[in-house]
Amino acid sequence: RKFVSSAAIDWFISTLIILNSVSFALVFDNMPKELEDVLQYSEYFFVGLFSIEAALKIPAFGLRGYFLNPSTAFDVTVVLASLVGFIPIPELNNLSIIQVFRVARIFRVLRKVKGFKKLLRNVVLSVTNVVNLLLFIMLTNIIFAIIGS
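Residues numbered from 1 in each chain as written. Predicted model: local features only at pLDDT ≥ 70, side-chain atom pairs only at ≥ 80, totals over all residues. Heavy atoms only, no water.

**Q** What exactly am I supposed to notice about the nonpolar core here?
**A** Soluble globular proteins tend to pack their nonpolar side chains together in the buried interior. I13, L16, I17, F46, F50, V79 and V109 form the largest nonpolar core, which has 7 residues in total. Elements represented by at least two residues in this core include exactly α1 (7-25) and α2 (33-68). Considering each element in turn, this core owes the most residues, 3 residues, to α1. Contacts of F50, omitting those with residues within four sequence positions, involve I13, L16, I17, N20, V79 and R105. (Core = buried A, V, L, I, M, F, W, Y, C linked by side-chain atoms within 4.5 Å. Buried < 20%, exposed > 50% of the residue type's maximum accessible area, 1.4 Å probe, protein only. Helix = DSSP H or I, 4+ residues; strand = E, 2+ residues; numbered from the N terminus. Contact = heavy atoms within 4.5 Å.)

Dropping the structure here:
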């Protein structure tokens, strides 16, 4: 348990998440076949390592302890969704929700960034203030429209 919870393993997995996100960002339309192959093999590599991480953590924390932690439960969900994405079922091909799940892992890394929670809270508060301002402007426009007609 000490090994899988160590800071070194945590930073290693965080680095893998960042590299995996970069590999997602490299995808574009009409990309060369060689790049497509490299990205496909890197996808197998990353999913394999994330699967190993889950396989090591489940016995270390116990099934109940592993799934009661929202972070690790999300990780195993992402791993399972990624593995399902490898199944050649036509209905599941290009299913963007699986990719969204996988890219969402970056939030695991962002939680470690000092001040990120504060920044996110400020963004949410700003958005609510902007919505209030837009409602005020819309109400003002309606009042002037009524007065003008």
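The structure having been displayed, the exposition proceeds.
**Q** Explain the environment of V78 here, please?
**A** Among the secondary structure elements, V78 is positioned in helix α3 (residues 70-85). Remark: the alpha-carbon pair of V78 and R102, spanning 24 residues in sequence, is separated by 5.8 Å.

**Q** I'm lost on the packing of α2 against α3 in this one. Help?
**A** Packed helices, taken two at a time, are described by their axes: the angle between them and the distance between them. Axis separation between α2 and α3 bottoms out at 9 Å; the angle between their running directions is 140 degrees. In terms of their interaxial angle, α2 and α3 are classed as oblique. Helix-helix and strand crossings are classified by hand; for α2 and α3 the assignment is left-handed. Judged by residue contacts, V47, F50, S51, E53, A54, K57, Y66, F67 and L68 of α2 engage P70, T72, A73, D75, V76, V79, S82 and L83 from α3. Its residues assigned to classes, the contact of α2 with α3 comprises 11 nonpolar, 3 polar and 3 charged. (Axes fitted to C-alpha atoms, helices over the stretch in contact; angles between N-to-C directions. Parallel < 35°, antiparallel > 145°, perpendicular 65-115°, else oblique. Left-handed = near helix turned anticlockwise from the far one by under 90°. Nonpolar A, V, L, I, M, F, W, Y, C, P; charged D, E, K, R; others polar.)

**Q** Got a minute to help me understand the pattern of salt bridges in this structure?
**A** Pairing is possible between side chains of opposite charge, provided their charged atoms come close. Taken as a whole and assessed by the stated rule, the structure comprises 2 salt bridges. A salt bridge links D37 to K33, with the shortest nitrogen-to-oxygen separation between them at 2.9 Å. With D37 and K33 both in helix α2 and 4 residues apart, the pair spans about one turn of that helix. Residue E53 pairs with K57 through a salt bridge whose shortest N-O separation is 3.2 Å. A residue pair is termed a helical-turn pair when its members lie 3 or 4 positions apart in one helix, as E53 and K57 do in helix α2 at 4 residues. Looking at E53, the relative accessible area reads 7%, which means it is buried. (Salt bridge = Lys/Arg side-chain N within 4 Å of Asp/Glu carboxyl O.)

Purely geometric numbers; function is a separate question.
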